[in-house]
Amino acid sequence: MEWNLLTVQNFSIIDREIDKSVFSPAEYEIVKRVVFSTGDLEYASVINFANNPLSNGFAALETRVPIMVDTPVIQAGVLPFLQQTFMNPVYCLEDFALPASVTATKSKIWQKLSKNYPSAIYIIGENPVSLFSLLDLIESVQVKPSLIIATPSGFTRKEIINKMLQKSGVSHIRFDSYKGGVTVAIAIFQGLIELGWLAKNSTMPMKNPKVRS
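The residue numbering used here restarts from 1 in each chain and proceeds along that chain's sequence as written. Residues qualify for local features only when their pLDDT is at least 70, as the model is predicted, and side-chain atom pairs are given and counted only at 80 or more; totals for whole chains, interfaces and linings, by contrast, use all residues. Heavy atoms from the whole structure form the basis of all side-chain values; hydrogens and water molecules are not counted.

An unreviewed UniProt entry lists the protein under the name Precorrin-8X methylmutase CbiC/CobH, with Cyanobacterium aponinum given as the organism. UniProt positions are given in the numbering used here, feature names are shortened, and annotations may be inferred rather than shown by experiment. Under the UniProt heading Pathway (unreviewed entry), the entry covering the protein gives this text: "Cofactor biosynthesis; adenosylcobalamin biosynthesis."

What follows is the structure, given as structure tokens:
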């Protein structure tokens, strides 16, 4: 994130509007970035951090587990931060061409990819079908992700997805509302990277790449 006077002023307003006492300091840093990236204070009241997602996410980054994303937009948003910090590889569902077979689906490609990296960090910001596929794999004990960042927006089946996430017991960050999208997924993960890197190298702060927040 590029810091300038306007950014500082916006964060100052966010600090006044949000009740920080309901979050840990690290969680609040994530929340603040989400609100800043969307201009929507309501996100602070619907974000849910379940099963120690930040500490588990930090540990996964440090061990360089792969990052799995559902859209190239997220890949482009997080890759510059990873390239100058933890160096985790990022795989995108859209990078894998579908076979000519009429039975081939993106869901099947996603399942195959997930089985290759069962402990990966998963960032799903757009495609609820990919999230359903991942949750099915978790339920059948075929994968156990280190962290899921699940932010698909939508009015249908969102409640079902959130119940499945809670039941999974996997560390995750989600929104308990119809809100979401790739912008907030990127903001969450960029914040996670920066917090983890600063904790690991407190005397070596990370430079800010010029990418959108």
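Caption draft 1: Fine view of helix α1 (residues 5-17). Here α1 spans 19 Å end to end across 13 residues, near enough to the 18 Å set by a 1.5 Å rise per residue. Only protein chains enter the area calculation, which uses a 1.4 Å probe; residues under 20% of their type maximum are buried, those over 50% are exposed, and those in between are partly exposed. Helical segments are the DSSP runs of H or I of at least four residues, strand segments are the runs of E of at least two, and each set is numbered from the N terminus. Within the span of α1, buried status applies to Thr7, Phe11 and Ile14. The buried side chains of α1 occupy one side of the element, clustering within an arc of 55° when seen end-on. Residues Leu5, Leu6, Arg16 and Glu17 are exposed on α1 and point more than 90 degrees away from its buried face. Check the buried side of α1 and you find it contacts α2 (25-38). By definition here, a helix of n residues has an expected span of 1.5 Å times n minus one. Each C-beta atom gives one direction from the helix axis, and the arc is the one those directions make. Contacts: residue pairs with any heavy atoms within 4.5 Å of one another.

Caption draft 2: Broad picture of the packing of helix α4 (residues 53-62) against helix α9 (residues 182-200). Every angle, taken between N-to-C directions, lies between 0 and 180 degrees, and every axis is a line fitted to C-alpha atoms, over only the stretch in contact when it is a helix. The N-to-C vectors of α4 and α9 enclose an angle of 70°; their axes lie 10 Å apart at closest approach. Judged by the inter-axis angle, α4 sits roughly perpendicular to α9. Contacts between α4 and α9 involve Leu54, Gly57, Phe58, Leu61 and Glu62 from the former and Phe189, Leu192, Ile193, Leu195, Gly196 and Lys200 from the latter. By the convention adopted, Pro, Cys, Tyr, Trp, Phe, Met, Ile, Leu, Val and Ala count as nonpolar, Lys, Arg, Asp and Glu as charged, and the other residues, Gly among them, as polar. Among the residues forming the contact of α4 with α9, the class breakdown is 7 nonpolar, 2 polar and 2 charged. Put simply, angles under 35 degrees are roughly parallel, angles over 145 are roughly antiparallel, angles from 65 to 115 are roughly perpendicular, and the rest are oblique.

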